[in-house]
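Architecture and fold: a report
Given next are the chains, with one letter for each unit.
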Amino acid sequence: MMAEELKIIDSLWLLKTDAGYKIGLTNEAQEDLGNITFATMPKVGQTLKKGESLIELEAEKAVSEFSTPLSGTISAINEAAEQDPSTLDDADQKNAWIAILTDIDEAELS
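Our subject in this report is the structure included herewith. (Residues numbered from 1 in each chain as written. Predicted model: local features only at pLDDT ≥ 70, side-chain atom pairs only at ≥ 80, totals over all residues. Heavy atoms only, no water.)

Quick look at the nonpolar core
Ranked by internal contacts, the top residues of the largest apolar core, which has 27 residues, are L25, L54, I55, L57, F66, L88 and I98. If you tally residues by element for this core, the top one is strand β6 (residues 53–59), at 4 residues. Setting aside its immediate chain neighbours within four residues, I55 contacts A39, T40, M41, S64, E65, F66, L88 and I98. (Core = buried A, V, L, I, M, F, W, Y, C linked by side-chain atoms within 4.5 Å. Buried < 20%, exposed > 50% of the residue type's maximum accessible area, 1.4 Å probe, protein only. Helix = DSSP H or I, 4+ residues; strand = E, 2+ residues; numbered from the N terminus. Contact = heavy atoms within 4.5 Å.)

Below, the structure is given as C-alpha coordinates:
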(Lines give C-alpha, C1' and ligand atoms only; values in the text may rest on other atoms or scores of the structure.)
Protein backbone atom coordinates (compact mmCIF):
# COMPACT_ATOMS: atom_id res chain seq x y z
CA MET A 1 0.00 0.00 0.00
CA MET A 2 1.29 3.45 -0.81
CA ALA A 3 1.96 5.74 2.11
CA GLU A 4 -0.68 8.42 2.35
CA GLU A 5 0.87 11.65 1.28
CA LEU A 6 -0.02 14.65 3.35
CA LYS A 7 0.77 17.96 1.73
CA ILE A 8 1.14 20.81 4.22
CA ILE A 9 0.04 24.29 3.13
CA ASP A 10 -0.23 27.16 5.66
CA SER A 11 -1.18 25.23 8.82
CA LEU A 12 -3.49 22.89 6.92
CA TRP A 13 -2.85 19.45 5.48
CA LEU A 14 -4.24 18.12 2.23
CA LEU A 15 -4.74 14.48 1.42
CA LYS A 16 -5.94 13.16 -1.92
CA THR A 17 -8.59 10.49 -1.34
CA ASP A 18 -11.06 8.65 -3.57
CA ALA A 19 -13.73 11.06 -2.35
CA GLY A 20 -11.74 14.21 -3.12
CA TYR A 21 -9.16 16.31 -1.33
CA LYS A 22 -9.48 16.11 2.42
CA ILE A 23 -8.31 19.20 4.31
CA GLY A 24 -7.45 19.26 7.99
CA LEU A 25 -5.64 21.07 10.76
CA THR A 26 -1.98 20.28 11.33
CA ASN A 27 -0.64 19.49 14.79
CA GLU A 28 1.27 22.76 14.56
CA ALA A 29 -1.93 24.75 14.02
CA GLN A 30 -3.55 22.89 16.92
CA GLU A 31 -0.70 23.92 19.21
CA ASP A 32 -0.86 27.54 18.08
CA LEU A 33 -4.59 27.64 18.84
CA GLY A 34 -4.77 25.75 22.11
CA ASN A 35 -8.08 24.07 22.98
CA ILE A 36 -10.64 24.71 20.27
CA THR A 37 -13.96 25.84 21.71
CA PHE A 38 -15.98 26.84 18.66
CA ALA A 39 -15.81 26.14 14.93
CA THR A 40 -17.63 27.83 12.07
CA MET A 41 -17.59 25.03 9.53
CA PRO A 42 -18.04 25.40 5.78
CA LYS A 43 -21.33 24.22 4.24
CA VAL A 44 -21.70 21.18 2.01
CA GLY A 45 -22.27 22.33 -1.56
CA GLN A 46 -20.44 25.61 -1.02
CA THR A 47 -17.96 26.57 -3.72
CA LEU A 48 -14.77 28.23 -2.52
CA LYS A 49 -12.02 29.99 -4.39
CA LYS A 50 -8.44 29.53 -3.29
CA GLY A 51 -7.73 31.97 -0.46
CA GLU A 52 -11.35 32.28 0.68
CA SER A 53 -12.26 31.45 4.26
CA LEU A 54 -12.63 27.71 4.87
CA ILE A 55 -13.15 27.66 8.62
CA GLU A 56 -13.08 30.02 11.57
CA LEU A 57 -11.95 28.63 14.90
CA GLU A 58 -12.25 30.10 18.36
CA ALA A 59 -9.76 28.69 20.80
CA GLU A 60 -8.13 29.47 24.12
CA LYS A 61 -5.14 31.25 22.59
CA ALA A 62 -6.54 32.76 19.42
CA VAL A 63 -9.44 33.22 17.06
CA SER A 64 -8.21 32.18 13.65
CA GLU A 65 -9.57 32.01 10.18
CA PHE A 66 -8.06 29.48 7.81
CA SER A 67 -8.39 29.99 4.09
CA THR A 68 -8.69 27.18 1.61
CA PRO A 69 -5.46 26.24 -0.17
CA LEU A 70 -7.52 25.03 -3.16
CA SER A 71 -10.56 26.16 -5.09
CA GLY A 72 -13.35 23.60 -5.18
CA THR A 73 -16.73 22.49 -3.91
CA ILE A 74 -17.28 21.24 -0.36
CA SER A 75 -18.62 17.71 -0.78
CA ALA A 76 -18.49 16.72 2.90
CA ILE A 77 -17.63 18.20 6.25
CA ASN A 78 -16.47 16.58 9.48
CA GLU A 79 -19.84 16.46 11.24
CA ALA A 80 -18.25 15.22 14.45
CA ALA A 81 -16.22 18.43 14.56
CA GLU A 82 -19.34 20.50 13.96
CA GLN A 83 -20.97 18.85 17.00
CA ASP A 84 -17.81 18.91 19.11
CA PRO A 85 -15.02 21.28 17.98
CA SER A 86 -12.50 19.56 20.27
CA THR A 87 -12.44 16.81 17.61
CA LEU A 88 -10.17 19.25 15.73
CA ASP A 89 -7.67 18.97 18.61
CA ASP A 90 -7.12 15.25 17.97
CA ALA A 91 -3.45 14.32 18.40
CA ASP A 92 -3.76 12.24 15.24
CA GLN A 93 -4.06 15.13 12.80
CA LYS A 94 -5.83 12.93 10.23
CA ASN A 95 -8.83 12.89 12.58
CA ALA A 96 -8.76 16.70 12.66
CA TRP A 97 -10.12 16.93 9.14
CA ILE A 98 -12.40 19.80 8.25
CA ALA A 99 -13.88 19.12 4.83
CA ILE A 100 -13.54 17.29 1.54
CA LEU A 101 -13.20 19.37 -1.62
CA THR A 102 -14.11 18.12 -5.08
CA ASP A 103 -13.93 19.75 -8.52
CA ILE A 104 -10.51 21.10 -7.67
CA ASP A 105 -7.91 22.41 -10.05
CA GLU A 106 -4.78 20.30 -9.51
CA ALA A 107 -2.69 23.02 -11.15
CA GLU A 108 -3.19 25.11 -8.01
CA LEU A 109 -1.11 22.55 -6.11
CA SER A 110 2.01 22.86 -8.20
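Here the narrative resumes.
Considerations on the pattern of salt bridges
Evaluated as defined, the whole model comprises 1 salt bridge. E106 is the salt-bridge partner of K16, the closest N and O atoms lying 3.1 Å from each other. Taken as a pair, K16 in strand β2 (residues 12–17) and E106 in the segment after β9 (97–102) lie far apart in primary sequence, 90 residues in all. Given a relative accessible area of 43%, E106 falls into the partly exposed group. (Salt bridge = Lys/Arg side-chain N within 4 Å of Asp/Glu carboxyl O.)

Description of unusual backbone geometry
Phi is positive for S11, close to 70°, though the residue is something other than glycine. Take S11: it is sitting in the loop between β1 (7–9) and β2. A residue is classified by how much of its surface remains accessible, and S11, at 29% relative accessible area, is partly exposed. Look at D103: it is not a glycine, yet its phi comes out positive at around 55°. Following the sequence through the fold, D103 ends up in the segment after β9. For D103, a relative accessible area of 65% corresponds to the exposed category.

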